[in-house]
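Chains, contacts and geometry: an overview
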Amino acid sequence: MMSRYWVPLVFFLLVILQFSSSISKPISNPRFPCKPPQDTYTFCDTSLSIATRAHSLISHLTLQEKIKQLANNASAIPRLGIPSYEWWSESLHGIATNGPGVSFNGTISSATGFPQVLVTAASFNRSLWFLIGSAVAIEARAMYNVGQAGLTYWAPNINIFRDPRWGRGQETPGEDPMVASAYAIEFVRGFQGGDWKVGGGRQSRIGFGGKRVLGEEGSSGDGLMLSACCKHLTAYDLEKWGNFSRYSFNAVVSEQDLEDTYQPPFQSCIQEGKASCLMCSYNQVNGVPTCAHKDFLQKARTEWGFKGYIASDCGAVSCITEYQNYTKTPEDAVADVLRAGVDIDCGSTMLRYTQSAIDEGKVVEEDIDRALFNLFSIQLRLGIFNGDPRKGRFRNLGPQNVCTPEHKRLALEAARQGIVLLKNEKKFLPLNKNVVSSLAIVGPMANNISNMGGGYSGNPCEPKSLFEGIKAYVEKTYHAAGCSDVACNSNVGFKEAIVIAEESDIVIIVMGLDLSQETEDLDRVSLLLPGNQMTLVSNVAAASIKPVILVLTGGGPLDVSFAEKDPKIASILWIGYPSEAGGKALAEIIFGDHNPAGRLPMTWYPESFSKVPMNDMNMRADPSRGYPGRTYRFYTGDQVYGYGQGLSYSNFTYKFLSAPPSRLSLLRKNILRQAEEKLEYMLIDEVTSCDSLRFYVQILVKNVGDMDGSHVVLLFSRMPRVVAGTPGKQLIGFDRVHTTSSGTTEMSVLVDPCKHLSIANEHGKRLIPLGDHVLLLGDLEHLVSVETQ
């Protein structure tokens, strides 16, 4: 009998195979509607509003034609001159091969591969995130103009990296909801083209570091360069662990955790990023499949102001019946998701069962019209019904705009900024290339480019291995894999690795993870280095004349306590999945051409954390049952490395130039309370004006080292514990600034007390604790007493 864990995989493969014919043929020109003589329809009239054109298009369709638009591979409507359209394309950190809407079999055979999201998140640089989104968008539009891509992309992944074993944590901006929210806003704004000018250029944005005021951003109009999709709503961060599978998992989540951890990135992605797509996840939340969860999906529209289309994750609609047993029939599943607000099914369930759902009286045509209005509105905003795209706003984009020197430099800069230096005993790094006579680089990932980008990668422009990057600095560089693969189940290659280590001046050991250990549909069970990697590291370090450098790959935390304590391991660097420019970036950091400044965007837990049930969604610790909590905000156990940890070749000091007054008074709305009632907090709904409470924190950053470099400034707050589940601390502001040796840089953080100094209570209501709040900046503290008038 087929294992139930194979069933979803088989289904997923079938979804992919049904599109295989469409992605294997070279295409040179885009297909588009509104060609003469079929350009006289009202929906082709660009002088009319989007809503008028969308309603006109719907009015021309028969019921069967409408139903055929409800799948990601929307059918053509020949009588109206409308070609088929593939909604499913992927662009997580560059144009990816995962979705059938993209083909590299044509004029354009590669696209810039940027580092995996978790690596760029480690830069803590909003400008960098925006620029990456913009660059990917330019390449996507260029590919669309030659018929090799669509205009709707299902990225970014903004789920919280809740559990260190999660196979897709690498795709996310990390564990902090504020950082995930900021990343979502910047990437979506850049990707959807908010700063694009009709003339074909982009408005200038601040570069890599430097003085910047946080919290002040512009907004874009109704038109879209591309469509970005916030995924996966919500509380999705389990693939396959023990007896649990993402296709059937019921995430039991408290209202408190929903409000202050799981939902903020999606709210920000929609409200401030203005994302035009929202994707519901496979899992259930508190017994209801997210794609049938009307409260979630309608809240996005009514409270967050979402104006776009809602897509199901691929196969999620079928899972409602087949694996979750939430409905008895697929017709019921179709009815539930349509009523909840889903507009399009990545899969075939809505395509196959909507008609029978109508026949059974479970769906009415108005439900379909509502979905089509959302879908066609996005296509109209993208200009799909404006005629030949090669004569439109983005007509100048083509193959010459893909893999450009500018984009490749940006990929290199992103890798530089994201690499994190975790250990550097006695300032072992940087090395002086002029005195290194020979170098050995050990590890199966050291001379391998196949997994450098991590999940959801495409065909990179000019990928180079770590070995190639190092060899550019030291001609006598030798490589030994040590293990045949990352699983490292054999020690057969140990001898060769030890020999080159004994004979070389400097030794670099590359260990960690690749996609065989962590990826979509695959979670880890251990936080230790796979197989015999730990033994290989220790043996090579012991054989080396000098202390060694340990480089860690992968997108999940690792328990490398042994290496942290080993005096023969002088330096440890985490490079994640740095993609095509990772080899050069690593070499530049090791040899001092770039000063590292990355910070960990997730807590690194010890191996003992692997005993914590992965299916436990609670963020807060519960000592009564030995539950340690999750993420730096709530975790109470030991850690290998903390959130935000990262070293530099320079030292930096801080000074508060100006901070808020020691007392911050809140004005209450006229709400009746008992006279004797002692106030310990105020609900945000009770505060008269949150905008008037905002204040700036002016910070002076000084580089007291002898090397120029960037520095990530993290401003935290610690608040009074007036309600259960108060975090130990939480991030309220961050930026990356560049400072010359012995120089200073000023920066500002805009703090919104109603947002940054608030938490959620057990009912999911946001409140501001009254009493002493402490702003934490490195070793500095500033007290702000919050009171009422």
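Residues numbered from 1 in each chain as written. Predicted model: local features only at pLDDT ≥ 70, side-chain atom pairs only at ≥ 80, totals over all residues. Heavy atoms only, no water.

**Regarding the state of the cysteines**
Applying the stated criterion to the full structure yields 8 disulfides. Covalent S-S linkage joins Cys 230 and Cys 269, the inter-sulfur distance amounting to 2.1 Å. With the S-S dihedral at roughly -85 degrees, the linkage between Cys 230 and Cys 269 falls on the left-handed side. Residue Cys 230 is found in strand 3 (residues 229-233), and its partner Cys 269 is found in helix 9 (residues 264-271); the two are separated by 39 residues along the sequence. (Disulfide = S-S within 2.5 Å. Helix = DSSP H or I, 4+ residues; strand = E, 2+ residues; numbered from the N terminus.)

**A short note on helix 7 (residues 177-192)**
Taking 1.5 Å per residue as the helical rise, helix 7 with its 16 residues ought to reach 22 Å, and the 22 Å between its terminal C-alpha atoms agrees with that figure. With a side-chain oxygen positioned 2.9 Å from the backbone nitrogen of Met 178, the residue opening helix 7 is Asp 176. Positioned one or two residues after helix 7, Gly 193 has a phi angle of 90 degrees, which is positive. (Expected span 1.5 Å × (residues − 1). Polar contact = N/O pair within 3.5 Å; in protein donor to acceptor, adjacent residues only side chain to side chain.)

**A few points about the sheet that holds strand 13 (residues 477-480)**
Spatial ordering of the open sheet is given by 11-16-15-14-12-13, a layout of 6 strands whose pairing is mixed. Every other strand in the sheet has two partners, leaving strand 11 (420-424) and strand 13 as the edge strands with one partner each. Pairwise comparison of adjacent strand axes, ignoring direction, gives a mean angle of 20 degrees for this sheet. Where strand 11 and strand 16 (residues 569-576) come together, 4 bridges link them in antiparallel fashion. For Val 420, the partnering residue across the bridge sits in strand 16 and is Trp 574. Contacts from helix 17 (residues 494-503) reach strand 12 (439-442), strand 13 and strand 14 (506-512) within the one sheet, and its direction differs from that of strand 13 by about 160 degrees. Each of strand 14, strand 15 (548-553) and strand 16 is contacted by helix 20 (residues 582-590), which is oriented at about 150 degrees to strand 16, the strand it contacts most. (Pairing = 2+ DSSP bridges. Axes fitted to C-alpha atoms, helices over the stretch in contact; angles between N-to-C directions. Contact = heavy atoms within 4.5 Å.)

**Focus on the packing of aromatic side chains**
Considering all chains together, one arrives at 26 aromatic pairs under this definition. Centre to centre, the rings of Trp 129 and Phe 734 are 5.9 Å apart; their planes meet at 50 degrees, and the pair counts as tilted. Placement of the pair is Trp 129 in helix 6 (residues 126-145) and Phe 734 in strand 22 (residues 730-739), with a sequence separation of 605 residues. Under the relative-accessibility criterion, Phe 734 is labelled buried at 0%. Considering the side-chain rings of Phe 187 and Phe 191, the 5.6 Å spacing of their centres and the 10 degrees angle between planes classify their relative orientation as stacked. (Phe/Tyr/Trp six-rings, centres within 6.5 Å; stacked < 30°, edge-to-face > 60°. Buried < 20%, exposed > 50% of the residue type's maximum accessible area, 1.4 Å probe, protein only.)

**Examining the sheet that holds strand 23 (residues 744-751)**
In space, the 3 strands of this open sheet follow the order 17-20-23, with antiparallel pairing throughout. Either end of the sheet is taken by a strand with one partner, and the two such strands are strand 17 (652-658) and strand 23. Sheet twist, expressed as the mean angle between neighbouring strand axes with direction ignored, is 30 degrees. Both strand 17 and strand 20 (residues 695-703) contribute to a ladder of 6 bridges, which runs antiparallel. Within strand 20, the residue paired with Thr 653 across the bridge is Lys 702.

**Describing the environment of Ile 419**
In this fold, Ile 419 is placed in the loop between helix 15 (405-418) and strand 11. In this structure, the C-alpha to C-alpha distance between Ile 419 and Thr 120, residues 299 residues apart in sequence, is 8.6 Å. Not counting residues within four places of it along the chain, the set of residues in contact with Ile 419 comprises Leu 573, Trp 574, Ile 575, Ala 585, Leu 586, Ile 589, Pro 596, Ala 597 and Gly 598.

**Topic: the nonpolar core**
Membership of the largest hydrophobic core comes to 181 residues, with the highest contact counts inside it found for Trp 154, Val 560, Trp 574 and Trp 604. The element contributing the most residues to this core is helix 6, with 13 residues. Setting aside residues up to four positions removed in sequence, Trp 574 forms contacts with Leu 118, Val 119, Ala 122, Gly 418, Ile 419, Val 420, Leu 422, Leu 552, Gly 554, Leu 600, Met 602 and Trp 604. Ranked by size, the runner-up nonpolar core spans 36 residues in total, among them Ile 470, Ile 508, Ile 549 and Ala 587. (Core = buried A, V, L, I, M, F, W, Y, C linked by side-chain atoms within 4.5 Å.)

**Here's the deal with helix 6**
When the terminal C-alpha atoms of helix 6 are compared, their 29 Å separation across 20 residues agrees well with the 28 Å that a helix rising 1.5 Å per residue should span. With 20 of its 20 residues buried, helix 6 lies for the most part within the structure. In the stretch just after helix 6, Gly 147 is the one whose phi turns positive, near 75 degrees.

**Topic: the UniProt feature "domain: Fibronectin type III-like" (unreviewed entry) in the chain**
Under the local residue numbering, the UniProt record ascribes the feature "domain: Fibronectin type III-like" (unreviewed entry) to residues 711-781. A helix fraction of 6% and a strand fraction of 58% characterise residues 711-781, whose end C-alpha atoms lie 19 Å from each other. (UniProt positions renumbered as here; feature names shortened; annotations may be inferred.)

**Topic: the pattern of salt bridges**
For the coordinates displayed, the defined rule picks out 34 salt bridges. The partner of Arg 694 in a salt bridge is Asp 691, with the nearest N and O atoms 3.4 Å apart. Residue class for Asp 691 comes out exposed when judged on its relative accessible area of 54%. When the shortest N-O distance is used, the salt bridge between Asp 752 and Arg 694 registers 3.4 Å. Taken together, the residues span a long stretch of sequence, with Asp 752 in the loop between strand 23 and helix 22 (753-756) and Arg 694 in the loop between strand 19 (681-683) and strand 20 at a distance of 58 residues. Given the relative accessible area of 12%, Asp 752 is considered buried. If you follow the salt bridges from partner to partner, you end up with Arg 168, Glu 171, Glu 239, Arg 246, Glu 520 and Asp 521 in one network. (Salt bridge = Lys/Arg side-chain N within 4 Å of Asp/Glu carboxyl O.)

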